[in-house]
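Observations on the model geometry
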Amino acid sequence: MNKKTKNISKFLSYVLRHHPDKLGIALDKNGWTSVNFLLEKINAEPYSLTMTELEEVVATNNKKRFAFNEDKTMIRANQGHSVNIDLALQPKQPPEYLYHGTVEKFVKSIKEKGLIKGTRQHVHLSTDKETASNVGSRRGKPFILTIKSGNMNQEGFSFYQSENGVWLTDKVPATFIEF
Ligand code: HQG
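Some thoughts on the sheet that holds strand β5 (residues 123-125)
Hydrogen bonds between backbone atoms are what pair the strands of a sheet, whose relative direction is either parallel or antiparallel. If you trace the three strands from one edge of the open sheet to the other, you get β5-β8-β7, paired in antiparallel fashion. Two strands close off the open sheet at either side, each with one partner strand: β5 and β7 (159-161). Between one strand axis and the next, the sheet turns through 30° on average, direction left out of account. Here three bridges tie β7 to strand β8 (residues 167-169), and the two strands are oriented antiparallel to one another. Residue pairing in the sheet places Tyr160 in a bridge with Leu168 of β8.

A word on the packing of aromatic side chains
Across all of its chains, the model carries two aromatic pairs by this definition. The interplanar angle of 50° and the centroid separation of 5.1 Å between the aromatic rings of Phe11 and Tyr47 together place this pair among those described as tilted. Taken together, the residues Phe11 in helix α1 (residues 3-18) and Tyr47 in the loop between α3 (35-44) and α4 (51-60) connect sequence positions 36 residues apart. Using a relative accessible area of 44% as the deciding quantity, one classes Tyr47 as partly exposed.

A few points about a positive patch on the surface
Side chains of Lys63, Lys105, Arg138 and Arg139 sit close together on the surface and give a patch of like positive charge. Looking at the secondary structure, you find Arg139 in the loop between α6 (129-136) and β6 (142-147).

As for α3
Within α3, burial applies to Val35, Leu38, Leu39 and Ile42. Within α3, the buried residues cover an arc of 95° as seen down the axis, which keeps them to one side. When the buried face of α3 is taken as reference, the exposed residues oriented beyond 90 degrees from it are Asn36, Glu40 and Ala44. Along its buried surface, α3 packs onto α1, α2 (20-23), β1 (33-34), α4, β2 (66-68) and β3 (74-77). Capping of α3 at its N-terminal end is provided by Ser34; its side-chain oxygen lies 3.4 Å from the backbone amide nitrogen of Asn36.

Describing unusual backbone geometry
Positive phi, close to 45°, is recorded for Lys64, a residue that is not glycine. Locating Lys64 in the fold gives a position in the loop between α4 and β2. Phi at Lys72 takes a positive value of approximately 60°, unusual for a residue other than glycine. Relative to the assigned elements, Lys72 resides in the loop between β2 and β3. You can call Lys72 partly exposed: its relative accessible area is 35%.

Quick word on the site of the ligand
Neighbouring the ligand are 18 residues; Arg17, Lys63, His100, Ser109 and Arg120 lie closest to it. In this structure, Arg17 approaches the ligand through a side-chain N or O atom, which is 2.6 Å from an oxygen atom. Within the side chain of Arg139, an N or O atom sits 3.0 Å from an oxygen atom of the ligand. Isolated, the ligand exposes 780 Å² of accessible area, and the fraction of that covered by the protein chains is 86%. Those elements giving two or more residues to the shell around the ligand turn out to be β4 (98-103) and α5 (104-113). It is α5 that provides the largest number of residues to the shell around the ligand, a total of four residues. Residues belonging to the shell around the ligand are distributed by class as follows: five nonpolar, six polar and seven charged. Mapped onto the domain boundaries, the shell around the ligand takes at least three residues apiece from domain 1 (3-77) and domain 2 (98-178).

Reading the values: rules and limits
- Residues numbered from 1 in each chain as written.
- Predicted model: local features only at pLDDT ≥ 70, side-chain atom pairs only at ≥ 80, totals over all residues.
- Heavy atoms only, no water.
- Pairing = 2+ DSSP bridges.
- Helix = DSSP H or I, 4+ residues; strand = E, 2+ residues; numbered from the N terminus.
- Axes fitted to C-alpha atoms, helices over the stretch in contact; angles between N-to-C directions.
- Phe/Tyr/Trp six-rings, centres within 6.5 Å; stacked < 30°, edge-to-face > 60°.
- Buried < 20%, exposed > 50% of the residue type's maximum accessible area, 1.4 Å probe, protein only.
- Patch = residues over 30% accessible without salt bridge, like charges linked within 9 Å, V, L, I, M, F, W, Y side chains within 5 Å.
- Areas by Shrake-Rupley, 256 points an atom, 1.4 Å probe, with all protein chains shown as cover.
- Salt bridge = Lys/Arg side-chain N within 4 Å of Asp/Glu carboxyl O.
- Lys, Arg positive; Asp, Glu negative; His and termini not counted.
- Charge placed at Lys NZ, Arg CZ, Asp CG, Glu CD.
- Arc of directions from axis to C-beta.
- Contact = heavy atoms within 4.5 Å.
- Polar contact = N/O pair within 3.5 Å; in protein donor to acceptor, adjacent residues only side chain to side chain.
- Near = heavy atom within 4 Å.
- Nonpolar A, V, L, I, M, F, W, Y, C, P; charged D, E, K, R; others polar.
- Domains from an automatic or database assignment.

So this is what it looks like as structure tokens:
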């Protein structure tokens, strides 16, 4: 991603996950919004964005954060929402272990409360330690937790996988976490 596409990605994450109202757009119940209307609204701001640039952002985004519908009339964020939408994902059997990257200062509280989703709609988990490490390093020195997702699933906890491969669940009780 070059600097402009990175900035666009950050802005789109902000409006499509957290604050559609700030741009004056609305998300439908599954998180989709009209591409034409989105472009119109962005271009009414002191920004410019063409359909070609938007297509480039969606295609080249390093974490595939956004998806178009089939005819590219609608767009949504694949995960990470704090607004109340339903991604309409089917529960899926997770691998035996998943990983969560956090930082040391949260560990005491996670030992007490487990992983909680906070303002987002799900707890986000990664399939590999490297990705989890990148997630944790957004906040400082990464601390990687191993999640016994297979056991959790057997005990009735549902897991979902977003279109960009991130595993989502409602919460992770501390008993299923290896510190
Ligand atoms: C922590 C990014 C104290 C949790 C990433 C995390 C991800 C607790 C923070 C996606 C806690 C929440 C989500 C507890 C959890 N006590 N702290 N009981 N339970 N926490 O940003 O997973 O790049 O909402 O460890 O790559 O960091 O934006 O979640 O540190 O996929 O596409 O509370 O966002 O994706 O932080 O990140 P977040 P996250 P993008």
